[in-house]
Amino acid sequence: MEQISLNQAFGGSQGVYRHSSAVCGVDMTFSVYVPPHAEGARLPVVWYLSGLTCTHANVTEKGEFRRLCAELGLIFVAPDTSPRGEGVADDPQGAYDFGLGAGFYVDATQAPFDKHYRMESYVTQELPALIAAHFPADMARQSIMGHSMGGHGALTICLTHPERYKAVSAFAPIVAPSRVPWGHKALGGYLGPDRAAWRRHDAVALIEDGARLPDLLVDQGEADQFLAEQLRTDLLRDVCARTGQKATIRSHPGYDHSYYFIASFMGDHLAWHAERLR
């Protein structure tokens, strides 16, 4: 593991690292904030999954999470959104919503993407092992959150592995990718045309099929330009009501899809996670 940068912040350390990923077959970059802590302490871990076009850097530079993580004693880990580098397949037209920067947190089964696009295994297996080996992390206390495509990833991964994560939350998530254009393109391209295979990567479908969590938190801006066509928060609200899945789903007038929105409610989400990670 190579340290790219390390900066002190709020008494803790913000690092950026690179390593050779056996799962993805290329070098992967991620960031980790470690709060101030007593020697020998093991700290809970919050995973943050970013949205389309993002890298680890977007939340690291704009998320305004460090002061709260320092106060709450949370390690904050932000991986990349896809494999990158020479030989990694991309959208043939260079579109932003598929290929590089748009891994959708699935393990691709369709060529040529199946060679490198294994983001579910990377986020749930390989990177956690690396964090456990190199940082003061208590891997018995993990939670997960994300934005947009990353909100989709956080919800579906937690619904699939409920025993692993103590909490989940999302900012403006893609809640039902099987029913929206972004999801049709990504799930079809990575997993193929069989829509039955898409269901385990669709939060609404997973809840319909019986997956349950103790609770979940979602914040959505009402001025989000992607809300009506791509995000469909209404479908998550409806399925939770129909199935009895406990959920806190909040709408905020005037807020859009940007990191200004995320930063505005980051404190609420970190407090939500810290309470459940105690």
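Residues numbered from 1 in each chain as written. Predicted model: local features only at pLDDT ≥ 70, side-chain atom pairs only at ≥ 80, totals over all residues. Heavy atoms only, no water.

**Q** Hey, could you run me through the packing of aromatic side chains in this one?
**A** Within this structure, the stated rule accounts for 16 aromatic pairs. Summarising the aromatic geometry, the rings of phenylalanine 113 and tyrosine 117 are spaced 5.6 Å apart at their centres and angled 75 degrees between planes, so their arrangement reads as edge-to-face. By way of ring pairs, the aromatic residues Tyr33, Tyr48, Phe65 and Phe76 are connected into one cluster. The side chain of arginine 66 reaches across the aromatic face of phenylalanine 65, ending 4.8 Å from its centre. Just above the ring of tryptophan 272 sits the side chain of arginine 276; from NZ or CZ to the centre is 3.5 Å. (Phe/Tyr/Trp six-rings, centres within 6.5 Å; stacked < 30°, edge-to-face > 60°. Lys NZ or Arg CZ within 6 Å of the ring centre and 35° of its normal.)

**Q** Explanation requested: the sheet that holds strand S4 (residues 43-49) in the structure shown.
**A** Two pairing modes exist for strands in a sheet, parallel and antiparallel, and in both the strands are linked by backbone hydrogen bonds. Pairing is mixed in the open sheet, where 9 strands are placed in the order S1-S2-S3-S5-S4-S6-S7-S8-S9. The sheet terminates laterally at strand S1 (2-9) and strand S9 (248-252), the two strands that pair on one side only. Across this sheet, the average inter-strand angle for adjacent strands is 15 degrees, counted without regard to direction. As judged from the 4 bridges shared by strand S3 (residues 27-34) and strand S5 (residues 75-79), these two strands associate in the antiparallel manner. (Pairing = 2+ DSSP bridges. Helix = DSSP H or I, 4+ residues; strand = E, 2+ residues; numbered from the N terminus. Axes fitted to C-alpha atoms, helices over the stretch in contact; angles between N-to-C directions.)

**Q** So what exactly am I meant to see when it comes to the environment of alanine 9 here?
**A** Counting through the fold element by element, alanine 9 comes out in strand S1. Residue classification places alanine 9 among the buried residues on the basis of a relative accessible area of 16%. Sequence separation between alanine 9 and arginine 66 is 57 residues; the distance between their C-alpha atoms is 7.1 Å. Each residue touching alanine 9, except ones within four places of it in the same chain, is listed here: Tyr33 and Arg66. (Buried < 20%, exposed > 50% of the residue type's maximum accessible area, 1.4 Å probe, protein only. Contact = heavy atoms within 4.5 Å.)

**Q** Would you explain the pattern of salt bridges in this entry?
**A** What the rule picks out here adds up to 17 salt bridges. Between lysine 185 and aspartate 97 there is a salt bridge; the shortest N-O distance is 2.8 Å. Here aspartate 97 lies in the loop between S5 and helix H3 (119-134) and lysine 185 lies in helix H5 (residues 181-191), a separation of 88 residues in the sequence. What makes lysine 185 partly exposed here is its relative accessible area of 31%. By relative accessible area, aspartate 97 is classed as buried at 12%. Between lysine 246 and aspartate 215 there is a salt bridge, with its nearest N and O atoms 3.9 Å apart. Residue lysine 246 is located in the loop between helix H8 (233-243) and S9, and its partner aspartate 215 is located in the loop between helix H6 (203-208) and strand S8 (217-221); the two are separated by 31 residues in the primary sequence. The buried category is assigned to aspartate 215, whose relative accessible area is 12%. The network of salt bridges with shared partners includes Arg179, Arg199, Glu208, Asp209 and Arg242. (Salt bridge = Lys/Arg side-chain N within 4 Å of Asp/Glu carboxyl O.)

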